[in-house]
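Residue-level structure breakdown
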Amino acid sequence: MSSKNRSMPSLHSDEAAEDFVATVDLIQYDLSVFKPMRFEIEPKAAALNMRLPASLLETAIAQAR
């Protein structure tokens, strides 16, 4: 087993990242430098804040399923 001593290269496009992941053995790279990220798929245009009786909330949740 090889040691994880290689650092990740800079990848400047999605295509370069896809090609890199498809062609190398990632076990050779130190992935500890990665941090979790959150992505917003679509900007939020509105917000909703409501106070409801518990029974009405439960009914709405049941209908949403």
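Up top is the structure these notes are about.
All figures in this text were calculated on a predicted structure; none of them were measured in a lab.

Rules behind the numbers
Residues numbered from 1 in each chain as written. Predicted model: local features only at pLDDT ≥ 70, side-chain atom pairs only at ≥ 80, totals over all residues. Heavy atoms only, no water. Helix = DSSP H or I, 4+ residues; strand = E, 2+ residues; numbered from the N terminus. Rg over C-alpha atoms; globule rule 2.2 N^0.38 Å. Buried < 20%, exposed > 50% of the residue type's maximum accessible area, 1.4 Å probe, protein only. Lys, Arg positive; Asp, Glu negative; His and termini not counted. Charge placed at Lys NZ, Arg CZ, Asp CG, Glu CD. Patch = residues over 30% accessible without salt bridge, like charges linked within 9 Å, V, L, I, M, F, W, Y side chains within 5 Å. Areas by Shrake-Rupley, 256 points an atom, 1.4 Å probe, with all protein chains shown as cover. Salt bridge = Lys/Arg side-chain N within 4 Å of Asp/Glu carboxyl O. Phe/Tyr/Trp six-rings, centres within 6.5 Å; stacked < 30°, edge-to-face > 60°. Contact = heavy atoms within 4.5 Å.

So, the overall build of the protein chain
The secondary structure content of the protein chain amounts to two helices and zero strands. Here the C-alpha atoms of the protein chain give a radius of gyration of 22 Å, more than 25% beyond the 11 Å that 2.2 N^0.38 yields for 65 residues. For the protein chain, the spread of C-alpha atoms along the principal axes amounts to about 60 × 30 × 20 Å. For the protein chain, the proportion of its 65 residues judged to be buried stands at 3%. Counting 7 positive and 9 negative side-chain charges, the protein chain places the averaged centre of each group 12 Å from the other.

Side note on a negative patch on the surface
Together, Asp 14, Glu 15, Glu 18 and Asp 19 line one region of the surface with negative charge. Assignment of secondary structure puts Asp 14 in helix H1 (residues 14–23).

With respect to a nonpolar patch on the surface
A grouping of Leu 48, Met 50, Leu 52, Leu 56, Leu 57 and Ile 61 is seen on the molecular surface, where their side chains present a nonpolar patch of about 580 Å² in accessible area. Tracing the chain through its elements places Leu 56 in helix H2 (residues 54–64).

Here we look at the packing of aromatic side chains
Tallied over the entire structure, the rule returns one aromatic pair. Seen in terms of ring centroids, Phe 20 and Tyr 29 are 5.4 Å apart; in terms of plane orientation they differ by 75°. Their pairing is edge-to-face. Across this residue pair, the class does not change: Phe 20 and Tyr 29 are buried.

Regarding the pattern of salt bridges
For the structure on display, the rule yields one salt bridge. The partner of Lys 44 in a salt bridge is Glu 40, with the nearest N and O atoms 2.9 Å apart.

Side note on the environment of Leu 26
Tracing the chain through its elements places Leu 26 in the loop between H1 and H2. Residues Leu 26 and Ala 64, spaced 38 residues apart in sequence, show a C-alpha to C-alpha distance of 41 Å. Setting aside anything within four residues of it in sequence, one finds Leu 26 in contact with Phe 20, Val 21 and Leu 31.

A closer look at the environment of Ala 47
One can find Ala 47 in the loop between H1 and H2. On the accessibility criterion, Ala 47 (80% relative accessible area) is exposed. Each C-alpha atom, one on Ala 47 and one on Ala 17, is 35 Å from the other, the two residues being 30 residues apart in sequence.

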